[in-house]
Amino acid sequence: MLCRRKECHPVLYVMNVRVQLTELTLSTGRTATLNDIPEGELDRLADFGVDFLWLIGVWHTGDSSRKVARDYEGLQSVYKQTLSDFSSEDVLGSPYAIAEYSFDSLLGDEDQLLLFRERLSKRGIRLILDFIVNHTGLDHRWVYEHPEYYIQGKIYDIEQAPNDFFQVETSMGRKIIAHGKDPFFSPWTDTAQLNLSSNIVQEELRRELLNIAKHCDGVRCDMAMLSLQTIIQKTWGDRPLSSIVTQLDKSDFWDTAIREVKKNNPDFIFIAEAYWDTEYKLRTLGFDYTYDKTLHNRLIYENGRAVYAHLKADVAWQEQTVRFLENHDEERAAHALSFNRHVAAAVIFSTLPGMLLIHDGQFEGRKIKHPVQLRRRCKEPVDKIVHFFYEKLFHTLKEHKVRYGSWMLSEVRPAWEGNSTWENFIAYTWQGDDHSKKIIIVNYGATQGQCYVYITGLEFMDNEIIFEDIFGHEQYIRHKDEVIEKGIYMDIPAYAFHVFAVN
């Protein structure tokens, strides 16, 4: 069943609030809080058609986790490459090494968060905050009061893998606790690994989540798949069982947690950062949206044929994906792609079904990836060409309601035998309830290309069909019978595109 409401295809804007407020502080000469984020900035987001604002860096990071982030040798060169005048005071620590889910005093207070949410709501924008299940920061009170909530180690563990475990004095004596990790990378040494196989831990986290839900309209769940029991087993083997001093819980945390939140707030949104083909499982547990890392990779590293193949997935599946060209974990799109390819990729990702994720600085063409541990980012001039393009693109999409109605991938055919350039074309249609059509055609290849695009549902149109490019200035008039039989012929340069309104 196809979703015909624009709400199925929302726009999510990501803002690193620590950075935003630091920049406001430096520009005004006084300590800025959430109250100081200008009305004009929020108006700008609403004007772009933003439906959700995800604030990164709201929750409190403790001194121990901040010290690890400050002293970690592997990050020192990254900090210095990012900020030519870097100092240790710039390191606030990772927003994903949370000491407690309380509003960080550097940003103001919880009343300001409530007021900020109201300011967003007046513009039709809903607030998204972070929730991290897999681990806590080193300073979380549970580390000292309830070390049994964490995956435990022995003295030989810390001797054999000193970066995987840490020793700490707790209310139960000296304990060895594992750092948070996933099965494919080194541990996050500013975190402590929770034991999600414990029913007590799951209950505690559900209480945290229910409290967070009072402050926002949805949560983006960091590395959501790490709390699946299958992933826990893959990462930790039998260690969670040997660490448990309370009742074992073999259920997946999200199942009960999401149901409890949505019981009182059915419109609350759950977004999963998810990889490793765990997306389907997480959706069955109640997630509204899951990351589409595959599309990101294919747009950044592969060609049109690979992107087209990915878009053959069921439409209902695609409507629950989060599409992005960049985020705080990925390289900047303006750095990873040439300008022409960046433009073509932006047209594709922004005109697909599902949730669109816009990263802070993407519209301005920023090229330098910002470490989330830092309160400042380097000064970069706005790329006026990139900025103009994004402004025009999103205003066009909003004005012409491009992402409304039902979506269908279009068939692309060779222009003539032996011409393989058709394989780089991607084409699809949005059809409104009034039978209006918007057709997006992109040559996502490095050479000039030719093809025929077959478009369905033209039988009841006039004999002469007008294809008007609402982004550019081109207009094509074609006879209906010819288009129905052969499709519309395209011959366009590398990474060129059309966004047609069909009349």
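So, here is what we can say about the structure in this document. (Residues numbered from 1 in each chain as written. Predicted model: local features only at pLDDT ≥ 70, side-chain atom pairs only at ≥ 80, totals over all residues. Heavy atoms only, no water.)

### Concerning the overall build of the protein
- Along the backbone of the protein there are 19 helices and 23 strands.
- The C-alpha atoms of the protein give a radius of gyration of 25 Å, which matches the 23 Å a tight globule of 503 residues would have.
- Seen along its three principal axes, the alpha-carbon backbone of the protein occupies a region of about 85 × 55 × 45 Å.
- Buried positions account for 60% of the 503 residues belonging to the protein. (Helix = DSSP H or I, 4+ residues; strand = E, 2+ residues; numbered from the N terminus. Rg over C-alpha atoms; globule rule 2.2 N^0.38 Å. Buried < 20%, exposed > 50% of the residue type's maximum accessible area, 1.4 Å probe, protein only.)

### A short note on the sheet that holds strand S23 (residues 497-502)
- Read across the sheet, six strands follow the order S15-S17-S18-S23-S20-S21 without closing on themselves; strand pairing throughout is antiparallel. A single partner strand is all that each edge strand has here, and the edge strands are strand S15 (406-409) and strand S21 (475-479). Sheet twist, expressed as the mean angle between neighbouring strand axes with direction ignored, is 25°.
- Sheet analysis places strand S20 (residues 464-469) next to S23, joined by three bridges and oriented antiparallel. If you follow Asp469 over to S23, its bridge partner there is Phe500.
- Contacting strand S17 (425-431), strand S18 (437-443) and S23, helix H17 (residues 339-350) crosses the sheet at an angle of about 150° to S18. (Pairing = 2+ DSSP bridges. Axes fitted to C-alpha atoms, helices over the stretch in contact; angles between N-to-C directions. Contact = heavy atoms within 4.5 Å.)

### Quick look at the packing of aromatic side chains
- Per the counting criterion, the structure on display carries 27 aromatic pairs.
- Relative to Tyr149, the ring of Trp142 has its centre 5.4 Å away and its plane inclined at 80°; by these criteria the two rings are edge-to-face.
- On the basis of relative accessibility, which here comes to 5%, the residue Tyr149 falls in the buried class.
- A network of ring pairs unites the aromatic residues Tyr13, Phe48, Phe363, Phe389, Tyr390, Phe394, Phe471 and Phe497 as a single cluster.
- Over the ring of Trp317 we find Arg283, and its NZ or CZ is 3.5 Å from the ring centre.
- Of note, Lys401 hangs over the ring of Tyr404, and the distance from its end group to the ring centre comes to 5.8 Å. (Phe/Tyr/Trp six-rings, centres within 6.5 Å; stacked < 30°, edge-to-face > 60°. Lys NZ or Arg CZ within 6 Å of the ring centre and 35° of its normal.)

### Topic: the sheet that holds strand S10 (residues 218-222)
- With parallel pairing, the eight strands of this closed barrel are ordered in space as S1-S2-S5-S10-S11-S12-S13-S14. With direction set aside, neighbouring strand axes in the sheet form an average angle of 30°.
- With three bridges connecting them, strand S2 (residues 52-56) and strand S5 (residues 126-132) associate as parallel partners. Following the sheet pairing, Leu53 is matched in S5 by Leu127.
- Its contacts with the sheet put helix H8 (residues 199-212) on S5, S10 and strand S11 (269-272), and the angle it makes with S5 is roughly 160°.

### Details of the side chain of Asn16
- Tracing the backbone shows Asn16 in strand S1 (residues 11-16).
- For Asn16, the side chain forms a polar contact with the main-chain nitrogen of Arg18, separated by 3.2 Å.
- Setting aside anything within four residues of it in sequence, one finds Asn16 in contact with Ile56, Asp360 and His370. (Polar contact = N/O pair within 3.5 Å; in protein donor to acceptor, adjacent residues only side chain to side chain.)

### Section: H8
- Here H8 contains 14 residues, and its C-alpha end-to-end distance of 20 Å stays within 8% of the 20 Å for a straight helix at 1.5 Å per residue.
- What H8 keeps buried is the set Asn199, Val201, Gln202, Glu204, Leu205, Arg206, Glu208, Leu209 and Ile212.
- One side-chain oxygen of the residue at the start of H8 lies 3.3 Å from the amide nitrogen of Ile200, identifying that residue as Ser198. (Expected span 1.5 Å × (residues − 1).)

### Observations concerning unusual backbone geometry
- For Trp276, which is not a glycine, the phi torsion comes out positive at approximately 65°.
- Note that Trp276 resides in the loop between S11 and helix H12 (279-284).
- A relative accessible area of 30% places Trp276 in the partly exposed class.
- Non-glycine residue Tyr495 carries a positive phi angle of around 60°.
- Structurally, Tyr495 is set in the loop between strand S22 (488-492) and S23.

### Looking at the packing of helix H13 (residues 293-301) against H17
- Between H13 and H17, the shortest axis-to-axis distance is 10 Å and the interhelical angle comes to 155°. Taken as axis vectors, H13 and H17 run roughly antiparallel relative to one another. The handedness of the crossing between H13 and H17 comes out as right-handed. The segment H13 lies against H17, with Arg298, Leu299, Ile300 and Tyr301 engaging Arg341, Ala345, Ile348 and Phe349.
- Across the contact of H13 with H17, the residue classes break down as six nonpolar, no polar and two charged. (Parallel < 35°, antiparallel > 145°, perpendicular 65-115°, else oblique. Left-handed = near helix turned anticlockwise from the far one by under 90°. Nonpolar A, V, L, I, M, F, W, Y, C, P; charged D, E, K, R; others polar.)

### Here we look at the layout of surface pockets
- What the largest pocket holds in volume is close to 1300 Å³.
- Along its surface, the largest pocket is lined by 34 residues, and Trp188, Asp329, Lys369, Val372 and Gln373 are the ones closest to its centre.
- Elements represented by at least two residues in the lining of the largest pocket include exactly helix H3 (63-71) and helix H4 (73-82).
- A total of three residues in the lining of the largest pocket trace back to one element, the largest contributor, which is H4.
- Of the residues belonging to the lining of the largest pocket, the class tally is 16 nonpolar, ten polar and eight charged. (1 Å grid on protein atoms, 1.4 Å probe; cavity = no way out; pocket = protein on both sides within 12 Å on 5 of 7 lines; lining within 4 Å. Points joined across faces, edges and corners; volume = space filled by probe spheres on them.)

### What to know about the packing of H3 against H4
- Running from N to C, H3 and H4 point in directions that differ by 70°, and their axes come no closer than 6 Å. In terms of orientation, H3 and H4 fall into the roughly perpendicular class. Packed against H3, whose contacting residues are Ala69, Arg70 and Asp71, the element H4 presents Glu73, Leu75, Gln76 and Tyr79 at the interface.
- Grouping the constituent residues of the contact of H3 with H4 by class yields three nonpolar, one polar and three charged.

### Concerning the side chain of Glu148
- Tracing the sequence through the fold places Glu148 in the loop between helix H6 (141-145) and helix H7 (155-160).
- Among the polar contacts listed, one links the side chain of Glu148 to the side chain of His146, at a separation of 2.9 Å.

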